[in-house]
Amino acid sequence: MKRTHAIFLATIGAACAAILPAAAQTSPAASGAYPARPIRMIVPFPAGGATDILARALSQKLGEKIGQTVVVDNRPGAGGTIGADAAFKAAPDGYTLLLATSSTHSIGPAINPKIPYNAETDFTPVGYVASSPNIVLVPNSSPARTMREFMDHARKNPGRLNYASSGNGTIVHLTTEYFKAQSGTFILHIPYRGTALAMPDLISGKLDVLFDSFVTGMPHVKDGKLRALAVTSLQRTALAPDLPTVSETLPGFESVTWFGVYGPKGLSAELTARVNQALNAALADAEVKERFARLGAEPTGGTPQAFAAMVKADNAKWKKIISERKITTE
């Protein structure tokens, strides 16, 4: 009887020994195997754009820090919805990441509630990558040399000033409407198909103001064609430390384009922490900082929790503005 019992236990032990390695293989992080193959970073915008260039600068260093190739996969279309949807549908195994922006996860969902995923609950926040402010530009002929002077000028001339945007529902449009709401000014909106098309009219004085992206607006200031009044980040930016912020005149005002990494819903805490650690190491790299600066972006980094909190606050702000100002993409 004892002999039979011993044989039974030995058989069970051998079976368990055979099963355990196979089970461990289903959890790459637990076995230390992750990442065992290239990681895909979905960029929901076309190749060659600012988000794509930033992604390629990041992916190279992220790959070095995590010990595996990170491949950029461009999935443009529908304002970033197509790429985000592909990430949403991917397996939460750490091999698919999404480089999201404020367009895909803050502004887009607020304007278009019919997107096929919930931007707040259907993804796992991994890390805050970078932020890029807008820059407030006026023609050299403008009587305003500061934000205070511009606000006073606009209040004295309600409905007589105009501003350009890169189109309805864009960050440029929303930022200016946010400014109008906070400052109590009435400035007419003239949408263009991109701010580049508005530049000649701004330079000539046909337009009164443009809250342009930093990377496209700053060169015109350096060339002496336009005057910069402020940036829209809450704190002064290292990209132009001498420029004041709008918030120095209008306390609390902030509008930035943010970039961040998400995984699909259900990504484990262990894998999230692994990618976040490598992401923060990549963002601390001097080469990444220099390449980001050329794009008008500042590396941020931090914990997944801090990233999620930032996005939640950003979502609430834009939902309020979109609702109150009745903004649509039409």
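Here, every reference points to the structure presented above.
Quick summary incoming for the structure in this document. Along each chain, residue indices are assigned from 1 in the same order as the chain's sequence is written. Per-residue local features are limited, in this predicted model, to residues with pLDDT of at least 70; the limit for side-chain atom pairs, both in listing and counting, is 80 or more; totals at the level of whole chains, interfaces and linings are taken over all residues. Calculation of side-chain values draws on the structure's entire complement of heavy atoms; hydrogens and water are dropped beforehand.

**Some thoughts on the overall build of the protein**
We apply this condition: Think of it this way: any DSSP run of H or I at least four residues long counts as a helix, any run of E at least two long counts as a strand, and we number them from the N terminus. Under the scheme applied here, a residue whose accessible area is under 20% of the maximum for its type counts as buried, over 50% as exposed, and between as partly exposed, the area being computed with a 1.4 Å probe on protein chains only. Residue contacts are counted whenever heavy atoms from the two residues lie within 4.5 Å of one another. Each accessible area is a Shrake-Rupley result for a 1.4 Å probe, and residues are judged covered by the shown protein chains and nothing else.
Counting its regular elements, the protein contains 12 helices and 10 strands. If you line up the protein on its principal axes, its C-alpha atoms span 100 × 40 × 30 Å. In the protein, buried positions account for 49% of the 330 residues. Restricting to contacts in the protein with at least 6 residues of sequence separation, those with at least 24 account for 77%. Carbon and sulfur atoms make up 57% of the accessible area of the protein, which amounts to about 15,200 Å² in all.

**Topic: the layout of surface pockets**
One way to see where empty space is left: roll a probe the size of a water molecule over the atoms. Our working definition: Using a 1 Å grid laid over the protein atoms alone, points where a 1.4 Å probe fits but cannot get out form a cavity; open sets with protein on both sides within 12 Å along at least 5 of 7 lines form a pocket; any residue with an atom within 4 Å of a point counts as lining. Grid points are joined across faces, edges and corners, and a volume is the space filled by probe spheres set on the points. Following the grouping adopted for this structure description, the nonpolar residues are Ala, Val, Leu, Ile, Met, Phe, Trp, Tyr, Cys and Pro, the charged ones are Asp, Glu, Lys and Arg, and the polar ones are all others, Gly among them.
Of the pockets and cavities examined, the largest pocket occupies roughly 1,000 Å³. Forming the boundary of the largest pocket are 43 residues, of which Phe-45, Ser-103, Thr-170, Ile-171 and Thr-257 lie nearest the centre. Elements with a minimum of two residues in the lining of the largest pocket: helix 3 (50-66), helix 5 (102-111), strand 4 (123-139), helix 7 (171-183), helix 8 (195-204), strand 7 (209-213), helix 9 (214-222) and strand 9 (256-264). In terms of residues, the lining of the largest pocket owes the most to one element, helix 5, which gives 6 residues. Taken together, the residues of the lining of the largest pocket break down into 19 nonpolar, 22 polar and 2 charged.

**Description of the pattern of salt bridges**
Short version of the rule: Salt bridges, as used here, are contacts in which a Lys or Arg side-chain nitrogen is within 4 Å of a carboxyl oxygen on Asp or Glu.
The final tally for this structure, using the stated rule, is 15 salt bridges. Of the charged contacts in the structure, one is a salt bridge between Asp-73 and Arg-75, with a shortest N-O distance of 3.3 Å. Residue classification places Asp-73 among the buried residues on the basis of a relative accessible area of 17%. We note a salt bridge from Arg-325 to Glu-177, for which the minimum N-O separation is 3.0 Å. One end of the pair, Arg-325, is in the segment after helix 12 (304-324); the other, Glu-177, is in helix 7, and 148 residues separate them in sequence. Residue classification places Glu-177 among the buried positions, given a relative accessible area of 8%.

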